[in-house]
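# Coordinate inspection notes
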Amino acid sequence: MSIQRLLISLSALASVLLALALIGVFGLLDAYDKLDQQRRDYQRAHALTHQLQESSDDLTRYARTAVITLKPVYHRLFNDLLALRSGTTPSLNWQQDLQQDWLSSTHWDGPHSSIADFEQQLHELPFTEQERTLLALAERRSIALTEREQLAIHAAHGRFLDSYGKFTREGPAEPRMATKLLYDKTYLDAKRGIMQPIEQAFALLEARQVKALQRAEDQRLLFSVWLIVVLLAGVATATAFHLLISRRIVRPLLGMVARTEQFTLGQGNNRLTVRYDDEFGALAKAFNTLMQRVENNLSLLEVSANTDPLTGLDNRRQFEHDLLSECLRMQRSQQPISLIMVDVDNFKAYNDRYGHPAGDVCLQQLAQAHNLLQRVRDLALPHRDNVVPIVTISLGVCSLSTWQVDMPHVLLQRADELLYQAKHAGRNQICTSDQCHPANMTLMPKAPN
Ligand SMILES: Nc1nc2c(ncn2[C@@H]2O[C@H](COP(=O)(O)OP(=O)(O)OP(=O)(O)O)[C@@H](O)[C@H]2O)c(=O)[nH]1
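Rules used in this analysis
- Position numbers for residues count from 1 along each chain, tracking the sequence in the order it is written.
- Per-residue local features of the predicted model are confined to residues with pLDDT of at least 70, and side-chain atom pairs are confined, for both listing and counting, to 80 or more; whole-chain, interface and lining totals are unaffected and use all residues.
- To obtain the side-chain values, all non-hydrogen atoms of the structure were used and water was disregarded.
- UniProt positions are given in the numbering used here, feature names are shortened, and annotations may be inferred rather than shown by experiment.
- Note on terminology: disulfide denotes any pair of cysteine sulfur atoms within 2.5 Å.
- Each residue is assigned to one of three classes by its accessible area relative to the maximum for its type, calculated with a 1.4 Å probe on protein chains only: buried under 20%, partly exposed between the two thresholds, exposed over 50%.
- Buriedness of a pocket was judged along seven lines, with at least five required to meet protein on both sides within 12 Å; pockets are open sets of points on a 1 Å grid over the protein atoms alone, cavities are sets where a 1.4 Å probe fits but cannot get out, and lining residues have an atom within 4 Å of a point.
- Grid points are joined across faces, edges and corners, and a volume is the space filled by probe spheres set on the points.
- Comment: elements are numbered from the N terminus, with helices defined as DSSP H or I runs of at least four residues and strands as E runs of at least two.
- For patch detection, residues must exceed 30% relative accessible area and be free of salt bridges, and they are connected within 9 Å for like charges or within 5 Å for nonpolar side chains (Val, Leu, Ile, Met, Phe, Trp, Tyr).
- Working definition of accessibility: Shrake-Rupley area with a 1.4 Å probe, residue cover restricted to the visible protein chains.
- What counts as a salt bridge is simple: a side-chain nitrogen of Lys or Arg found within 4 Å of a carboxyl oxygen of Asp or Glu.
- A helix's residues, less one, multiplied by 1.5 Å, set its expected span.
- For our purposes a nonpolar core is just a set of buried Ala, Val, Leu, Ile, Met, Phe, Trp, Tyr and Cys residues, chained together by side-chain atoms within 4.5 Å.
- Note on contacts: a residue pair is in contact if any heavy atoms of the two residues lie within 4.5 Å.
- Classification convention: Asp, Glu, Lys, Arg as charged; Ala, Val, Leu, Ile, Met, Phe, Trp, Tyr, Cys, Pro as nonpolar; all other residues, Gly among them, as polar.

Under the annotation held in an unreviewed UniProt entry, the protein carries the name diguanylate cyclase and is attributed to Atopomonas hussainii. Reading the Catalytic activity (unreviewed entry) entry of the UniProt record for the protein gives the comment "2 GTP = 3',3'-c-di-GMP + 2 diphosphate".

Structure (structure tokens):
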């Protein structure tokens, strides 16, 4: 797969993971929010239920204390709590009232409940219909029982109901009757009738709370696991990114740098290995092709730098290089070495007669003849100075059998001197250091066009 595609795929994967991570984070925050909200709702609902229970007990306590002590403050506390619960009195200063009473010295700090407008709160708080029905039933029964409690408090003070339902009828106080009203079986049954639905509401509330908390807890767990999985996938994606960049981009780049340096230094293998069929694979192929072409061109350049363009023979530079190598080889092998210097006789005349192009052809043919004759280790140096109509050549042959300093130079100089001797001896001669004798080597150049 191409690097571009891989990068696009990994970027798309990273975007998806980011979106999933955001969903996970929001889901987790929502779960915590729900947990928090659930706890608060439960606390408020639980508190109101508890306050209904407590206020009902407070009313019983105030009524009984009012009957026993005959202190009007307890009757007032009783009435005030009723008013508070029904919402007709927004708030009461219990502390101030109690400070005026002797009971303030007993460390009793007022009623245990301070609920206001029970009905309203019952509808505002998140109760289920069943819980609401049970609590409303308890409230109705509690209010109904307060009539009996009022009856007892007033009887203790000698006040009784008239025909209009008011306590205007006066008579002797009835403490025993009052006590009986607040302690007999009817009262206790009625009290149980209040507490029972409250306890049922408590149980329902509790069960609901456990379920809701479990749900929120499950959601929290789900999104926690979700986030961990997304995080691990993110780490895997980052690793894949790292591997992609290091293996498919950085490594091939460093390979190219190394190969280019090797090429510059003329060392070792400068071909890249094509590992993947991607952009760098294509670049590596192009690099290898380029290297091949550069090498080919360099070879061509090297050949043309060392070759005579007319005859194809080695030029002066290559000749000197090879001559030195041969001299060194001769030194190693202790074998004698000879240099033959060849020159075409009267070449100027040939040129003058047949023209310069014909002279060129003559030189080419001479080179071919030389190539046919030469053995592997023989060397040929084109020397552009001579021509004859019937071409003869003069040769200066220098042979040395012992190594000496500056041997290539000595060979060239002596061969040149011997060639000069050959010319002076009448041309068409072979001159060695001992003697000159006719060469009898003629070339019949192809008739020029
Ligand atoms: N056609 C052709 N002529 C060349 C070339 N190089 C040198 N010459 C000619 O070779 C001639 C030089 O010859 P020389 O060696 O000086 O004299 P020569 O006429 O051969 O006389 P000897 O060497 O004394 O026999 C000149 O006329 C050059 O123009 C070449 O590449 N092509």
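Moving on, there is more to tell.
### Structural notes on the state of the cysteines
What makes a disulfide is a covalent bond joining the sulfur atoms belonging to two cysteines. Inspection of every chain in the model, using the stated rule, returns one disulfide. At a sulfur-sulfur separation of 1.8 Å, the disulfide partner of Cys 431 is Cys 436. A torsion of 115° about the S-S bond marks the disulfide between Cys 431 and Cys 436 as right-handed. For Cys 327, which is in no disulfide, the shortest distance to another cysteine sulfur is to Cys 398 and amounts to 9.7 Å. Cys 398 sits in the buried class, given a relative accessible area of 3%.

### Re the layout of surface pockets
Here the second largest pocket is characterised by a volume of approximately 290 Å³. Every residue lining the second largest pocket is counted, 16 residues in all, and those nearest its centre are Arg 251, Pro 252, Leu 272, Thr 273 and Arg 275. Those elements that place two or more of their residues in the lining of the second largest pocket are α7 (185-265) and α8 (279-306).

### Things to note about a nonpolar patch on the surface
A contiguous nonpolar surface patch, about 500 Å² in accessible area, is contributed by Leu 18, Leu 22, Val 25, Phe 26 and Leu 29. With respect to the helices, strands and loops of the structure, Leu 18 is situated in helix α1 (residues 3-69).

### A word on unusual backbone geometry
The phi dihedral of Asn 346 is positive, around 50°, even though this residue is not glycine. Here Asn 346 shows up in the loop between β3 (337-344) and α10 (347-354). Within the chain, Arg 427 stands out as a residue other than glycine whose phi angle is a positive 70°. As for its position among the elements, Arg 427 is in the loop between α12 (407-424) and β5 (429-431).

### What to know about α8
In this model, α8 (28 residues) spans 40 Å end to end at C-alpha, consistent with the 40 Å of a helix rising 1.5 Å per residue. Regarding α8, the residues found buried are Phe 280, Gly 281, Ala 284, Phe 287, Asn 288, Met 291 and Asn 306.

### Comments concerning the pattern of salt bridges
Tallied over the full model, the rule gives 18 salt bridges. The salt bridge partner of Arg 192 is Asp 189, with a shortest N-O separation of 2.6 Å. In this pair, Arg 192 and Asp 189 both sit in helix α7, three residues apart, roughly one turn of the helix. A salt bridge links Asp 345 to Lys 423, with the nearest nitrogen and oxygen atoms 2.7 Å apart. With a gap of 78 residues between them, Asp 345 in the loop between β3 and α10 and Lys 423 in helix α12 connect regions that are remote in the sequence. Summarising the burial analysis for this pair, Asp 345 and Lys 423 share the class buried. The network of salt bridges with common partners includes Lys 185, Asp 189 and Arg 192.

### Some details on the nonpolar core
The biggest cluster of nonpolar side chains holds 40 residues, and the ones touching the most others in it are Val 67, Phe 78, Leu 122, Phe 127, Leu 135 and Ile 198. Elements that contribute at least two residues to this core include exactly α1, α2 (72-86), α4 (118-124), α5 (129-156), α6 (175-183) and α7. Filtering out sequence-adjacent residues up to four positions away, Phe 78 remains in contact with Leu 59, Tyr 62, Ala 63, Thr 146, Glu 149, Gln 150 and Ile 153. Counting residues in hydrophobic clusters, the runner-up holds 18 residues, among them Phe 319, Leu 323, Leu 418 and Ala 422.

### Observations regarding empty space enclosed by the protein
Counted by the stated rule, this structure contains one cavity of 30 Å³ or more. The calculated volume of the largest cavity comes to roughly 50 Å³. For the lining of the largest cavity, the elements supplying multiple residues, two or more each, are α1 and α7. In terms of residues, the lining of the largest cavity owes the most to one element, α1, which gives four residues. When its residues are assigned to classes, the lining of the largest cavity shows four nonpolar, two polar and two charged.

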